[in-house]
Structures are given as structure tokens and as C-alpha cells.
Amino acid sequence: EPEVTQTPSHQVTQMGQEVILRCVPISNHLYFYWYRQILGQKVEFLVSFYNNEISEKSEIFDDQFSVERPDGSNFTLKIRSTKLEDSAMYFCASHVDRGLTEAFFGQGTRLTVV
Amino acid sequence: QQQVKQSPQSLIVQKGGISIINCAYENTAFDYFPWYQQFPGKGPALLIAIRPDVSEKKEGRFTISFNKSAKQFSLHIMDSQPGDSATYFCAASSLFGNQFYFGTGTSLTVIP
């Protein structure tokens, strides 16, 4: 069964450092997303990506965040200068088509900023 | 503004009982309503979903009831089992939307 894979599973970083979270979406999917979940809270949308550009982003996704699909398979989320409040579980998701079909989520990357 | 409101925050049910989780939404443009199940340390996984052209959808022990006029939908888990213990998220999206709007989640515990 196809799946979305994320690496690393856990990342610990010092405040102010840059981190890159990596995702390999399902191969025939066209829409890609990053969500985050602060411990015990709801899943929050960060950004959606289609046709090599951002299609929508939330207020959380400020200038410290960026996404790219460097090689046609990987989909990355970069946080330039991490803050303590960036500590969360980050989920990548992909969609064969937007809107009315199932979004497949990866297992997540737990980011801990110390 | 919270687009999707979910209740209760936590739920404890005896094995064999019925678990009911409720969600309400604001945006009438939403036309896809999935429920996601999340086990600890895992990503959310689609459980069941409904379009607003039907009032109910059943898959095994899981049923979504949908009330378009009230802008509410609910998940019913019949004959709840300990293996159903997880966090459940309702969500909503629209045909041309770029994201899912998630509810705050319900932690379900099924006691043997």
C-alpha cells in the first residue's frame, strides 16, 4: 500500500537553528501539504503546494518557513530560525486531487526545540 | 475563527457501547467531511467520509450522520472495542479548497 514517508521521525534542535523536515509523498499525488500538531492540540494547516508553488498558507506560515520540492519526489519544510513554540509534530500529507478525496498523512516528525 | 467545532474533548465508553462524537461547521461552502483516526505516534488516517448529498453513511461499525440544515455531523461507533481507543478528528473541506479544517479532536477510551 502506498504511503507518505517522513524523515526524521524525531529532531531535536537548539533555538535559532535551521531545520529541514523531509517528506516523500505518494508518487502519483499532485497536492502536498504540511500540517502541525502541538502536543494534545488540534491539527493545524500550515501550507499547501501544487505545481511547484504555494497555493495557500496559514498565518502560522510566516517568513521563517519555506517549502520546496527540489527533485520531483521529496517535499521539504524548512524553518530558518527555530523558536521554542515551533516544537510540535509536523505532518506531511499528499492528495491525488484536492477537495473531495482522501488526504494521506505521513507518520510525522516530532520537532523539539530546546 | 474556528471553522470546525468538535465535542466532546474526551470520551470514555464501555466495550460494546456506542461512542458518539459531534462536529459543527460554519462555512456552507464545505462539501466533504472526513473523519480521521489517530493512534499515538502515528499520523491521522482516514476512517470514513461523507458528502452533503446524503444524510448518513455507514461502513462496518462506523456511521456518519449529517444534518445539512443544522451544519452538523457526527460519528457513531457501534459496539465500541478497546482497539478503537484513539483520537478522532472531524474535518471539512470544499471542492476547490486547499486545506482541511480540522476539529480539536476527541480522545476516545474504550474500557474492556
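Whatever comes next refers back to the structure up there.
Report follows, based on the coordinates. Here the structure is a predicted model, which is why all the values come from computation and not from measurement.

**A word on the overall build of chain B**
Logical step 1: Secondary structure assignment for chain B yields 0 helices and 11 strands.
Logical step 2: A globule of 112 residues ought to have a C-alpha radius of gyration of about 13 Å, and chain B, at 13 Å, matches this closely.
Logical step 3: Principal-axis analysis of the C-alpha atoms gives chain B an extent of 40 × 30 × 20 Å.
Logical step 4: Taking all contacts inside chain B whose residues are at least 6 apart in sequence as the whole, residues at least 24 apart take part in 53%.
Logical step 5: A total of about 5300 Å² of accessible surface is found on chain B, and carbon and sulfur atoms cover 50% of it.
Logical step 6: Each charge class in chain B was averaged separately, 9 positive and 7 negative side chains, and the resulting centres sit 3 Å apart.

**A look at the environment of Ala45 of chain B**
Residue and element names in this part refer to chain B.
Logical step 1: Inspection of the secondary structure puts Ala45 in strand S5 (residues 45-50).
Logical step 2: Among the residues examined, Ala45 registers a relative accessible area of 38% and is labelled partly exposed.
Logical step 3: Placed 21 residues apart in sequence, Ala45 and Ala24 show a C-alpha to C-alpha distance of 21 Å.
Logical step 4: With sequence-adjacent residues up to four places away left out, Ala45 is seen in contact with Trp35, Tyr36 and Gln37.

**Describing the layout of surface pockets**
To locate leftover empty space, one rolls a probe as large as a water molecule over the atoms.
Logical step 1: When its volume is computed, the largest pocket comes out at roughly 440 Å³.
Logical step 2: Together, 24 residues line the largest pocket, and Gln37 and Gly40 of chain A together with Gln38, Thr87 and Phe89 of chain B are the ones closest to its centre.
Logical step 3: Broken down by secondary-structure element, the contributors of at least two residues to the lining of the largest pocket are strand S9 (88-95) of chain A together with strand S9 (86-92) and strand S11 (106-111) of chain B.
Logical step 4: The greatest single-element share of the lining of the largest pocket, amounting to 4 residues, is contributed by S11 of chain B.
Logical step 5: Here the residues of the lining of the largest pocket sort into 9 nonpolar, 13 polar and 2 charged.

**Topic: the pattern of salt bridges**
Logical step 1: Scanning the model with the defined rule gives 3 salt bridges over all chains in all.
Logical step 2: In this structure, the salt-bridge partner of Glu44 of chain A is Arg36 of chain A, at a minimum N-O distance of 3.2 Å.
Logical step 3: Of the residues examined, Arg36 of chain A reaches a relative accessible area of 10% and is grouped as buried.
Logical step 4: Among the salt bridges present, the one from Lys57 of chain B reaches Glu59 of chain B, with a minimum N-O distance of 3.6 Å.
Logical step 5: Judged by its relative accessible area of 32%, Lys57 of chain B is partly exposed.
Logical step 6: Given the relative accessible area of 37%, Glu59 of chain B is considered partly exposed.

**Quick word on the interface of chain B and chain A**
Logical step 1: Residue-level contacts link 24 residues of chain B with 22 residues of chain A.
Logical step 2: Across the chain B/chain A interface, buried area totals approximately 1900 Å², and carbon plus sulfur atoms make up 56% of it.
Logical step 3: Connecting chain B to chain A are 0 salt bridges.
Logical step 4: Taken together, the links from chain B to chain A amount to 4 residue pairs in polar contact (both at pLDDT 80 or more).
Logical step 5: Listed by contribution, the elements that provide at least two residues to the side of chain B that touches chain A are strand S4 (33-38) and strand S10 (101-102) of chain B.

**Remarks on the sheet that holds strand S7 (residues 65-68) of chain A**
Residues and elements named next belong to chain A.
Logical step 1: Taken in spatial order, the 4 strands line up as S1-S3-S8-S7 in an open sheet, and their pairing is antiparallel. With partners counted over all chains shown, the strands left at the sheet margins are strand S1 (5-7) and S7, one partner each. Adjacent strand axes in the sheet meet at a mean angle of 20° when their direction is disregarded.
Logical step 2: Where S7 meets strand S8 (residues 75-79), 4 bridges bridge the pair, whose relative direction is antiparallel. Counterpart to Val67 in the pairing with S8 is Leu77.

**Overview of the side chain of Ser48 of chain A**
Logical step 1: The residue Ser48 of chain A is located in strand S5 (residues 43-50) in this model.
Logical step 2: A distance of 2.8 Å separates polar atoms of two side chains, one belonging to Ser48 of chain A and the other to Ser55 of chain A.
Logical step 3: Excluding anything up to four places from it in sequence, Ser48 of chain A contacts Phe32, Tyr33, Glu53, Ile54, Ser55 and Glu56 of chain A together with Asn98 of chain B.

The rules behind the values
Residues numbered from 1 in each chain as written. Chains lettered and ligands numbered in written order. Predicted model: local features only at pLDDT ≥ 70, side-chain atom pairs only at ≥ 80, totals over all residues. Heavy atoms only, no water. Helix = DSSP H or I, 4+ residues; strand = E, 2+ residues; numbered from the N terminus. Rg over C-alpha atoms; globule rule 2.2 N^0.38 Å. Contact = heavy atoms within 4.5 Å. Areas by Shrake-Rupley, 256 points an atom, 1.4 Å probe, with all protein chains shown as cover. Lys, Arg positive; Asp, Glu negative; His and termini not counted. Charge placed at Lys NZ, Arg CZ, Asp CG, Glu CD. Buried < 20%, exposed > 50% of the residue type's maximum accessible area, 1.4 Å probe, protein only. 1 Å grid on protein atoms, 1.4 Å probe; cavity = no way out; pocket = protein on both sides within 12 Å on 5 of 7 lines; lining within 4 Å. Points joined across faces, edges and corners; volume = space filled by probe spheres on them. Nonpolar A, V, L, I, M, F, W, Y, C, P; charged D, E, K, R; others polar. Salt bridge = Lys/Arg side-chain N within 4 Å of Asp/Glu carboxyl O. Buried area = accessible area lost by both parts, 1.4 Å probe. Polar contact = N/O pair within 3.5 Å; in protein donor to acceptor, adjacent residues only side chain to side chain. Pairing = 2+ DSSP bridges. Axes fitted to C-alpha atoms, helices over the stretch in contact; angles between N-to-C directions.

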